[in-house]
Amino acid sequence: MFEPSDLETVPQPPLAGVRVLDVSTLFAGPLAATFLGDFGADVTKIEHPRRPDAARGHGPQKDGVNLWWKTLGRNKRTLTLDLSAPAGAEILLRLVAEADVMIENFRPGTLERWGLSPERLFDVNPRLVLARVTAFGQFGPYAGRPGFGSLAEAMSGFAALTGAPDGPPTLPPFGLADGITALATAYAVMATLRASERDGVGQVVDMAIIEPILMLLGGQITAWDQLGIVQPRTGNRSVNNAPRNVYRSRDGVWLAVSTSSQSIAERVMQLVGRADLTEESWFASGHERAQHADELDEAVQQWIGARDADDVISRFEEVSAAIAAVSDVRGVVADPQYAALGTVTRVPDPDFGDIAMQNVLFRLSRTPGSIRWTGRAHGADTREVLTDLGLSAQEIDDLAERGVV
């Protein structure tokens, strides 16, 4: 049994002691800060006193309280500060002097206009990691344009690949490019922190939302460069293997099947009673199988459509073939594998008692991450943060009266 005396032997989370200023809004920057906070970083979320992060208004609310913010804002203290006001900029510089990381996503030139250029920030903290997350990067013909993740999904080629072959390009119904950028930003921050620890010199991370998603789209650029190939929209099918699709069971459940490896493709076709197709010369290559997807899909759908989902999944498991039910959120929270992993967890919350949300991204055997608290109200920690910075109650009151905090 765990005893209080054991606290001395419990390792700290891996990012304990790392101070992060989250001066970004909406999704990519704030989510990157969330990932850092989940593993122990001390994150302070800075928002405008009168214009909170727009993410607080996205998605459903309960009793006037935004629910998505409970996850996006978790493990962060919240401070209000008008950075465009000289007094606000001066307070930020004092915070930067004690920070390790600052994440911002203003349009290029905005910080500079407020007297908060990278050079000024490095003057007060030479080892600072400054992550600048924008739609198009800090330079180039589009740098000054407004932009969001949807534009990255369009520009990268993702939307052109997504959707039915005879339908329009399709954007995802959630912040895919922002989420990918958040992961990339957290990775970039960690890499840059390592360099800063080594030589004591900070640097700027220039993160453009249009770039990380492009890396995940595979070898398309090289294929175009060398072969002039443009990958078409194929719906749920893949150009690299088949059968790969969603198939409807007799009881109306959609099931996803993937045959990325040759051996699994053979097992699936044997299971559905079409072992003869495995003898075809084209079956030996995933790319060539994809060119015969109509025939393969018809065989798989006919077999699955004659059986209930539980029976189909059981038979696939018996032959070690890959299959999963297509779940909505109800299926996710009820899934025994997610339950075993602790992927969905319940967290105490001051507004709702406790709430369910996604757990930290991965499990560490010795220094695990944790959700210490849910997303807090706008400016909930302003006085505490400024008091810790050395401001008196009178000074904080004066700043509040002037609209700086």
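Described below are features of the structure shown in this document.

Cut-off values and rules
Residues numbered from 1 in each chain as written. Predicted model: local features only at pLDDT ≥ 70, side-chain atom pairs only at ≥ 80, totals over all residues. Heavy atoms only, no water. Helix = DSSP H or I, 4+ residues; strand = E, 2+ residues; numbered from the N terminus. Buried < 20%, exposed > 50% of the residue type's maximum accessible area, 1.4 Å probe, protein only. Contact = heavy atoms within 4.5 Å. Areas by Shrake-Rupley, 256 points an atom, 1.4 Å probe, with all protein chains shown as cover. Lys, Arg positive; Asp, Glu negative; His and termini not counted. Charge placed at Lys NZ, Arg CZ, Asp CG, Glu CD. Pairing = 2+ DSSP bridges. Right-handed = clockwise from strand over helix to strand, strands pointing away. Axes fitted to C-alpha atoms, helices over the stretch in contact; angles between N-to-C directions. Parallel < 35°, antiparallel > 145°, perpendicular 65-115°, else oblique. Left-handed = near helix turned anticlockwise from the far one by under 90°. Nonpolar A, V, L, I, M, F, W, Y, C, P; charged D, E, K, R; others polar. Salt bridge = Lys/Arg side-chain N within 4 Å of Asp/Glu carboxyl O. Phe/Tyr/Trp six-rings, centres within 6.5 Å; stacked < 30°, edge-to-face > 60°. Lys NZ or Arg CZ within 6 Å of the ring centre and 35° of its normal. Patch = residues over 30% accessible without salt bridge, like charges linked within 9 Å, V, L, I, M, F, W, Y side chains within 5 Å.

### A look at the overall build of the chain
So, step 1. Counting its secondary structure elements, the chain contains 18 helices and 13 strands.
So, step 2. By its C-alpha atoms, the chain is 80 × 60 × 45 Å across when sized along the principal axes.
So, step 3. Taken over 405 residues, the chain has a buried fraction of 43%.
So, step 4. Considering only intrachain contacts with a sequence separation of at least 6, the fraction spanning at least 24 residues in the chain is 68%.
So, step 5. In the form shown here, the chain has an accessible surface area of approximately 21,100 Å², with 54% of it arising from carbon and sulfur atoms.
So, step 6. Taking the average place of the 37 positive charges on the side chains of the chain and the average place of its 52 negative ones, the gap between the two points comes to 3 Å.

### Thoughts on the pairing of strand β1 (residues 19-23)
Residues in a regular strand point their side chains to alternate faces of the sheet.
So, step 1. Counting buried positions over the 5 residues of β1 gives 4, a clear majority of the element.
So, step 2. Pairing geometry for β1 and strand β2 (residues 42-47), over 4 bridges, is parallel. If you follow aspartate 22 over to β2, its bridge partner there is lysine 45.
So, step 3. The parallel pair β1 and β2, bridged by helix α1 (residues 28-38), forms a crossover whose chirality is right-handed.

### Re the packing of α1 against helix α8 (residues 176-199)
So, step 1. Relative to each other, α1 and α8 sit at 50 degrees, their axes nearing to 8 Å. Put simply, α1 runs oblique to α8. Handedness of the α1/α8 crossing: right-handed. The residues of α8 that touch α1, namely those facing Ala28, Leu31, Ala32, Phe35 and Leu36, are Asp178, Gly179, Thr181, Ala182, Leu183, Thr185, Ala186, Val189 and Met190.
So, step 2. Across the contact of α1 with α8, the residue classes break down as 10 nonpolar, 3 polar and 1 charged.

### Thoughts on the pattern of salt bridges
So, step 1. Summed over all chains, the structure comprises 24 salt bridges.
So, step 2. Of the charged contacts in the structure, one is a salt bridge between arginine 19 and glutamate 98, with a shortest N-O distance of 3.1 Å. Of this pair, arginine 19 sits in strand β1 while glutamate 98 sits in the loop between α3 (86-97) and β6 (101-104), placing them 79 residues apart in sequence.
So, step 3. We classify arginine 19 as partly exposed; its relative accessible area is 40%.
So, step 4. Across the pair aspartate 100 and arginine 127 runs a salt bridge, and its minimum N-O distance is 2.6 Å. With aspartate 100 in the loop between α3 and β6 and arginine 127 in the loop between α5 (118-124) and β7 (129-134), the pair connects residues that are 27 residues apart, well separated along the chain.
So, step 5. Given the relative accessible area of 14%, aspartate 100 is considered buried.

### So, the sheet that holds β1
So, step 1. Taking strand neighbours across the sheet as the criterion, the 6 strands line up as β5-β2-β1-β6-β7-β8 in an open arrangement whose pairing is parallel. Only two strands of the sheet have a single partner each, and these edge strands are β5 (76-80) and β8 (203-208). Geometrically, the sheet is characterised by an average inter-axis angle of 20 degrees between neighbouring strands, direction not taken into account.
So, step 2. Pairing of β1 with β6 involves 4 bridges; the strand directions are parallel. Looking across to β6, one finds that valine 23 is bridged to glutamate 104.

### A look at the packing of aromatic side chains
So, step 1. Under the defined criterion, the tally for this structure stands at 6 aromatic pairs.
So, step 2. Judged by centre distance (5.0 Å) and plane angle (75 degrees), the ring pair of phenylalanine 106 and tryptophan 114 falls under edge-to-face.
So, step 3. Judged by relative accessible area, tryptophan 114 falls into the partly exposed class, the value being 22%.
So, step 4. Ring centres 6.0 Å apart and planes at 55 degrees place the aromatic pair tryptophan 282 and phenylalanine 283 in the tilted group. Considered together, tryptophan 282 and phenylalanine 283 belong to a single accessibility category, that of buried residues.
So, step 5. Above the ring of phenylalanine 283, the side-chain terminus of arginine 289 is found at 5.4 Å from the ring centroid.
So, step 6. The ring centre of tryptophan 373 lies 5.3 Å from the NZ or CZ of arginine 372, which sits over that ring.

### A short note on a nonpolar patch on the surface
So, step 1. A surface patch of nonpolar side chains, amounting to about 340 Å² of accessible area, comprises Leu183, Leu361, Phe362 and Leu364.
So, step 2. Within the secondary structure layout, leucine 361 lies in the loop between β13 (353-358) and α17 (382-388).

### Structural notes on unusual backbone geometry
So, step 1. Proline 243 follows alanine 242 through a cis peptide bond whose omega is 0 degrees.
So, step 2. Of note, proline 243 is situated in the loop between α10 (220-227) and β9 (245-248).
So, step 3. Of note in the backbone geometry, leucine 26 takes a positive phi value of approximately 60 degrees without being a glycine.
So, step 4. Tracing the backbone shows leucine 26 in the loop between β1 and α1.
So, step 5. Residue leucine 26 is classed as buried on the basis of its relative accessible area, which comes to 17%.

### Observations concerning the sheet that holds β9
So, step 1. Pairing is antiparallel in the open sheet, where 3 strands are placed in the order β9-β10-β11. Strand pairing shows two members of the sheet lacking a second neighbour, β9 and β11 (323-325), which therefore form its edges. For this sheet the average axis-to-axis angle between neighbouring strands, irrespective of direction, equals 30 degrees.
So, step 2. As defined by bridge partners, strand β10 (residues 254-257) adjoins β11 across 3 bridges and the pair is classed as antiparallel. Residue pairing for β11: leucine 255 is matched across the bridge by alanine 325.
So, step 3. In this fold helix α13 (residues 293-305) packs onto β9 and β10, with an angle of close to 35 degrees to the strand it touches most, β9.
So, step 4. Sitting on the sheet, helix α14 (residues 309-318) is in contact with β10 and β11, with an inclination near 15 degrees to β10.

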